[in-house]
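# Coordinate inspection notes
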Amino acid sequence: MLLNVLSFELKYRATRPATYIYFAILLLLSFAGMAVEDIVVGGGVGQVKQNAPTVITTMTLLLGSIIGIFIVSAVMGVPVLRDFEHKTESMMFTTRMKKGPYLFGRFLGSFSVLLFISLGIPLGLMIGSVMPWLDADKFLPFNAWHFIQPYLFFLVPNMLFMGCLFFSFGALTRKLLFVYVQGIALLALWIVAGNLLRDLESKTIAALLDPFGLRTVSIFTQYWTIEEQNTQVVPLVGMIFQNRLIWVTVGVASLLLTYLAFNFNVVKGSLFKKRKASIRKTPAAEIAIPATTQKLGISTYIKQVVNLSGLYAREVVRSVPFIAITAIGIFILITNSLNMNQVYGTSALPTTYSMVELLNGFNLFFLIIIVFYSGELIWRERDLKMNQIYDTLPVPNFVGLSSKFLGMGFVLFVMLLLLMLVGVSIQASKGFFDIQFGVYLGYLYGETYPGLLSFTLLAFFIHVLANQKFLGHALIVIFFISTLVLDQLGLEHNLLQFNSGGLGRFSDMNTYGHYVPSFSWFQTYWFAFVGILFALAVSFSVRGTDLVLKTRVKLAKQRFTRPLLIFGLSTLILFVSSGFYIFYNTNILNEYRNSDQVEELRAAYEKTLKPLYGDAIQPKITETYLEVDVFPERRDFNTRGFFVLKNKSIQSISEILIQHPSDDQLEVTSLVFDREYVLDTTYEDFGFEVYKLTQPLTPGDSVVMNFACEFVTKGFVESGSNTNVVYNGTFFTNTYFPSLGYSRDQELSRKDDRKDQGLPAERDRMLDRDDPKGYTQNLIGDDADRIKFEIIMSTSADQVAIAPGYLQKEWEKDGRRYFHYKMDQPILNFYAMVSGRYEVMRDEIDSIKLEIYHHPAHTYNLESMMNSMKKSLAYFSENFSPYQYRQLRIIEFPRYRSFAQSFANTVPFSEAMGFVLDVGEDDVDFGFEVTAHEIAHQWWAHQVTEAKVKGNGMLSETMAQYSSLMVLKQEFGPEIMQKFLKYELDRYLSGRSRETKKEMPLAEEEQQSYIRYRKGAVVMYAFQDYISEDSVNIALSRCIEDWAYREDRYITTLELLNYFREVTPDSLQHIITDMFETITLYENRAESGTYTTTDEGKYLVNLETKCQKYRADSLGKESIIPINDWIDVGVYAKGSDSKDSLIYLQKHKVDQEEMTFSIEVETTPYKVGIDPINKLIDRTPKDNVVSVKEKDS
Amino acid sequence: MKLSINNLSKTYPNGTQALKSVSLEISTGMFGLLGPNGAGKSSLMRTLATLQEADTGEVTLEGLDVLKQKDEVRKILGYLPQEFGVYPKVSAELLLDHLAVLKGITQKGERKELVKALLQKTNLYHVRKKNLGGYSGGMRQRFGIAQALLSNPKLIIVDEPTAGLDPAERNRFHNLLAELGEQAIVILSTHIVDDVKELCTDMAIINEGTILTQEHPLHAIGKLEGKVWKKRIEKADLDTYKTAYQVISDKLISGKPEIHVLSDVQPEDGFSPVAPDLEDVYFSFIFAHKKEAVAG
């Protein structure tokens, strides 16, 4: 019997086109994901090959679960439901068939079909991976097992789980609706579970809870090296096995439950069906039909539209999928809000713009709703079979579509209101009441709403034209893909990208900034576009029963009446004229290049200029005088000034090479030398000029270069508008002025881009440490060593202008404010110019003036930042060397960029970094940390300036990290530090698994932030733990003494490490090799812990450990090396409020892989571990601590 | 009021010729369009109801070009499609009111009165607050007629309205239609002969897209006077009779077929004359048409 049902199901499915369509969809997507470079489905990063087993596993899971979920739902949800839909249940249930064979037969049949369909994934991937056009460098040799293994061990269990679940739901609810919704619901739950992941502690739980196993795989392999990722399949062990087991069990259990709960009976309706009430009959009355007046005309049509749109809105809002999607969306928003904007576990304040950004997370749900319901609404009458009634009503054609549009518009309007309410509630629940309703309205109704409306009209148009619901949905998806394709073809201009041109980022300082005009024009343009589509949709919409295209075209002509014609023409005119106006702004007033053109230009720069001028010796700037007039309201600035250029080399220089700033808005209007010269060659495209001096510049000789330049903002640009020069909070650096010689920074750096442009693919990121060309130039570049600096800045009357140096004079003239700054000692050729409306917080320490220039409303974290300034200056002055300036300023700038940067006595600090933090008691005070880090740069960069060679980041960033850690430790104690370092270790380990070229040892890092910041912090903390903080500080102060302010030669890590070696005892010298000179990792694990009570009432803890030490080569290939280190062993007692207290922490010698330690403690032990607080770089930091059990004696 | 249909033809994309040069003159009163399933009734109805384009031919209604001036026609049209659905979660009262707005009855008081009257007329008043999803087939059909009567239509087209109604409901429905026929052109398409017999003052028989006849039902019956003969026969002899005579119908009476034969004289012994009814008219035309088709 079972076999009969099964074979019937198989035969039925074999004749259904859907079976093959689903298979084809998965096959094509998988093929494209693998074989089309521009379509990325969780593909390999950097050195990880595109067909590495881990990548295939992830792709299989992504395709099979995220996209597959809808297919699984469609295939597995219907087998039982089908009988109810087709009303064949009475036929089925009255046969002699039993419940078991019926259910399981249907299930097995459908599941077999599902397995066939999902075979499309491995097949598609396999075929995709052997396509001849692929870059062989990025692929491993073909290995079929790498494709089959993820299918068998990951996809099939997923399909089983989802299949059982969806089958059960379909069978029990007997509602097609649930079949539609359950996929989305499961996906939403999955996303929610993902948010738990952000909290580091619950990773294992998150790994087990993920029904798709995607996160399980990513957590399991997160610290895998590139070598491992390229060679090993994800094995079915540990948490992976547990995860698979859990979810397959859940699936099978749901199937069994269905068997028990399923009612093999026709009369009883589905779970949720109400019984019908009986109808009372009254006799018919003899009634005359009253006469009525029929009024047709504009006022009636308006009334009809209002009436109809109300009906449609009601239909949408009351439908279950809508409620479900909305509820799920809001649920996700709320979950996301729980740990919103966290850095190192510290949350940012729930400002309104951060809420708006959170609410943007709902956009996906908006899209789902619009796509789904535009189809539903267009098909509403026909689905209900009411179309023949509606179509004969004396209603003009536009009324129906307009009403559907307005109904949808009304629904979206109310949803946005609901979202706003959600936002405000989240803010209130976090105790934040500085709510900016204007910002909510501006973004939700100013930006999101128009976009949704345009999209709705587009979807309407597509559905009307397609005239088939499924085809319509598919066409909308194809439309989105086609815009991506346009992008890839170089047609990336916003005029060609539907609904492009956003309102940009909101900043408290600069509010909506300069985005409004360009945004409004683009909105007008797109509204006009969808207006045209709407006119077409009205004329082509189906009214009546004729569906042939020929007849529809004939009817459309008939319907293109005068009003519609006028509407269509005026939208067309608006579309064309706004398009022209935008084009005029983006391409004529401003320069427009697509990304290919930018790459070509950069490649041409390298090809043309490098052979000629790559190694040309140039004079150096020794003095800079500038007059900079900023016009914030116009977003312009003018500069006049001079550089004194000195020949510091031993050769004469006859050609001075001038590189103009690459920004199109900036023009150098004059450039004159104070001795005889000719402009020899101009490379217009590259902004590169060669000036020939009549008398060469002899060694030691100087020349003055007078120049002027103008930065002018004209109209608006296509994208990437300048956010440095803004209405309030202008912040730019000397990159806006001419520089000297060939600029290596303009070279393309990505391997693929270089290959595309026919350049040598390999390009060293940095020079070697012993390269004389490297150690004679500092990190800022070879334009200058140190310069004398003086500047007069002017700005509008309500703003303050700030630049490095001390204020000499301040005055007002012609309604503008002038500030004259001058530095009394040479500084690096690296300075910032800032202008904005500020309030100032002032303080002083040791007669050093401290100032924080901040946005008036941003007072939340000022105390802590000021505290950090004081504590940092005190610590560094005492332990390193005196602070070199009399003043230190922090200046806030808008959150278009989020970083802080240290210039001489001046630290511009992003609004987003430390000004709006909500620091809890146990949180790492991120603002404090960043402040300390930036102040440390006044030593590590501004006093000791490093050479521009490998490892330079260890000198500036790692040392600044170390310095700030020590201030943090002093201020908050070691526990907060450990929290901070845990995040740093995690970021290092995941950073190295995403390396695009090769991982370097810390001392030779190449601008790799996961090394210079993350590994640097972890390693330096451990280093000071081994040799003591004092010893490290002694080494650093010696280094400063020898190297501060030098101009003849710049320090590299070779020298720094010598200072470290000097203060390190012989027994620990090897840790310098481990930490700085090589890539060394540990795999420390606590195997088991027990304890016994001694006769004296003490506790003897027994810990068994397994410790391995690895050395990795540059590709991440790790090999075990013998271990012989002092490693922490720690014992915890159970704490009062979930925090355990460390009652024992001592370093023990570890010289064997497996060891046993016995430790006597006074209190009852709770946990025990090896390197329990992760001071060392541990590949798996989570398994270092175990709970102890009392040993039966 | 007069509706003239002239040489109307329609061929569907799949090649089916639904209407072949149909011409009819219809004036105020009940007009029955009789024909078997698939004869082209609905095609004609839909064309008249502005839902479908015709390939050739013209239709005029009191100077209106029905095929072109669709909006004008829709103002005076009441249409009950053969098959239709409703918003399941909306009450009859609300939907009717809503449809009244779409008919252009903008005055609220007037609309309320009209809706109330129509609901009472169609005997739905007591269930007016109930969601349409819970209506039985008959109730829904009555709701259909109620909506067709909004705004005093001059042209009422009802397509197979009595299908699926029980006898009592059908009766009530007929009364309602008869009342309407006093002021408007009511076109009733059906394959049930009794519907036409009971209601119509004029009728046409259509088969395979062709109008076979248009005349008053009684007049048509009169034409067959003395020409219809009946006989009860054995089941096994049915085919023999069918080849020998013009058998226009056969039906079982107590398990034995009774055949009606068209003949100017008594065909043979055992045949007795019967007073023809409309059914005989109908079958005689259909039968004749079929024969013609076979012969041609």
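Residues numbered from 1 in each chain as written. Chains lettered and ligands numbered in written order. Predicted model: local features only at pLDDT ≥ 70, side-chain atom pairs only at ≥ 80, totals over all residues.

## Digging into the overall build of chain A
A tally of helices and strands in chain A yields 37 helices and 30 strands. Relative to the compact-globule value of 32 Å for 1193 residues, chain A shows a C-alpha radius of gyration of 35 Å, a close match. Along the longest, intermediate and shortest principal axes, the C-alpha atoms of chain A span 110 × 90 × 60 Å. When each of the 1193 residues of chain A is scored for burial, the buried share is 44%. (Helix = DSSP H or I, 4+ residues; strand = E, 2+ residues; numbered from the N terminus. Rg over C-alpha atoms; globule rule 2.2 N^0.38 Å. Buried ≥ 20, exposed ≤ 12 C-beta atoms within 10 Å, placed from the backbone.)

## With respect to the overall build of chain B
The helix and strand inventory of chain B stands at 10 helices and 14 strands. Its C-alpha radius of gyration of 21 Å places chain B within 12% of the 19 Å reference for a compact globule of 296 residues. Dimensions along the principal axes, computed over C-alpha positions, put chain B at roughly 70 × 45 × 35 Å. Across the 296 residues in chain B, those meeting the buried criterion constitute 44%. At a minimum sequence separation of 6, the contacts of chain B that also span at least 24 residues come to 68%. (Contact = placed C-beta atoms within 7 Å.)

## Here's the deal with the nonpolar core
Of all hydrophobic cores here, the largest spans 216 residues; its most connected members are B:F31, B:I187 and B:L188. Residues in contact with B:L188, not counting those within four places in the same chain, are B:M30, B:F31, B:G32, B:L33, B:V158, B:P161, B:L177, B:D195, B:L199 and B:C200. (Core = buried A, V, L, I, M, F, W, Y, C linked by C-beta atoms within 7 Å.)

## Concerning the interface of chain B and chain A
At the interface, 43 residues of chain B touch 36 residues of chain A. For the side of chain B that touches chain A, the secondary structure elements donating two or more residues are α2 (70-75), β6 (77-80), α3 (92-102) and α4 (108-121) of chain B. Among the elements that line the side of chain B that touches chain A, the one with the most residues is α4(B), at seven residues. Considering only residue class, the side of chain B that touches chain A consists of 17 nonpolar, 14 polar and 12 charged. (Nonpolar A, V, L, I, M, F, W, Y, C, P; charged D, E, K, R; others polar.)

## Description of the packing of helix α32 (residues 952-972) of chain A against helix α34 (residues 1009-1027) of chain A
All names here are of chain A. Running from N to C, α32 and α34 point in directions that differ by 55°, and their axes come no closer than 8 Å. Compared by their axis directions, α32 and α34 come out oblique. Here α32 and α34 pass one another in a crossing that is right-handed. For the pair α32 and α34, contact is made by G953, M954, E957, T958, Q961, Y962 and L965 and by R1012, Y1013, G1016, A1017, M1020 and Y1021, respectively. Considered class by class, the residues forming the contact of α32 with α34 number seven nonpolar, four polar and two charged. (Axes fitted to C-alpha atoms, helices over the stretch in contact; angles between N-to-C directions. Parallel < 35°, antiparallel > 145°, perpendicular 65-115°, else oblique. Left-handed = near helix turned anticlockwise from the far one by under 90°.)

## Details of unusual backbone geometry
All names here are of chain A. The backbone of T511 sits at a positive phi, close to 40°, despite the residue not being glycine. Among the structural elements, T511 can be located in the loop between α22 (469-488) and α23 (515-540). Even without being glycine, R635 reaches a positive phi, approximately 55°. Positionally, R635 belongs in the loop between β3 (620-631) and β4 (636-646). Residue class for R635 comes out buried when judged on the 22 C-beta atoms lying within 10 Å of it.

## Focus on the environment of A:Y988
All names here are of chain A. Secondary-structure assignment places Y988 in helix α33 (residues 974-993). By the C-beta count within 10 Å, which is 22 here, Y988 ends up buried. Through-space distance from the C-alpha of Y988 to that of F8 is 56 Å; in sequence the pair is 980 residues apart. Setting aside residues no more than four positions away along its own chain, Y988 makes contact with Y1010, R1014, K1015 and V1018.

## Some words on helix α26 (residues 595-613) of chain A
All names here are of chain A. For α26, built from 19 residues, the straight-helix expectation of 27 Å at 1.5 Å per residue is met to within 8% by its first-to-last C-alpha distance of 26 Å. Those residues of α26 lying buried are R602, Y605, E606 and L609. Where α26 is buried, its residues touch β7 (677-683) and β8 (688-697). (Expected span 1.5 Å × (residues − 1).)

## Points about the sheet that holds strand β20 (residues 887-893) of chain A
Residues and elements named next belong to chain A. The strand order β18-β19-β20-β21 describes an open sheet built from four strands, whose pairing is mixed. At either end of the open sheet lies a strand with only one pairing partner, and these are β18 (839-845) and β21 (906-910). Along the sheet, successive strands turn relative to each other by an average axial angle of 15°, direction set aside. Pairing of strand β19 (residues 848-854) with β20 involves five bridges; the strand directions are parallel. (Pairing = 2+ DSSP bridges.)

## Some details on the environment of A:L160
Residues and elements named next belong to chain A. On the secondary structure map, L160 appears in helix α8 (residues 145-173). Placed 92 residues apart in sequence, L160 and V252 show a C-alpha to C-alpha distance of 7.9 Å. In this view, L160 contacts V248 and G251; residues no more than four positions away in its chain are not counted.

## Overview of the environment of A:S218
Residue and element names in this part refer to chain A. Tracing the sequence through the fold places S218 in helix α11 (residues 214-220). Given 21 C-beta atoms within a 10 Å radius, S218 is considered buried. Separated by 11 residues in sequence, S218 and A207 place their C-alpha atoms 8.5 Å apart.

## Digging into the pairing of β4(A)
All names here are of chain A. Where β3 meets β4, 11 bridges bridge the pair, whose relative direction is antiparallel. Each bridged residue has a counterpart across the sheet, and for Y625 the counterpart in β4 is F642. In textbook terms, the turn of a hairpin is the stretch between consecutive antiparallel strands, and for β3 and β4 this stretch comprises four residues, one of which, R635, has a positive phi near 55°. Relative to strand β9 (residues 702-711), β4 is paired through 10 bridges, and the arrangement is antiparallel. Residue pairing for β9: F643 is matched across the bridge by M705.

## Considering the confidence of the model for chain A
Per-residue confidence for chain A gives a mean pLDDT of 88, with 94% of residues at or over 70. This stretch, residues 267-283 of chain A, has a pLDDT under 50; its non-local contacts, to residues over four places away or in other chains, come to 11 contacts. (pLDDT = per-residue confidence, 0-100.)

## Quick look at the confidence of the model for chain B
For chain B, per-residue confidence averages 87 on the pLDDT scale, and 98% of positions sit at 70 or higher. We note a pTM of 0.83 for the whole complex and an ipTM of 0.90 for its interfaces.

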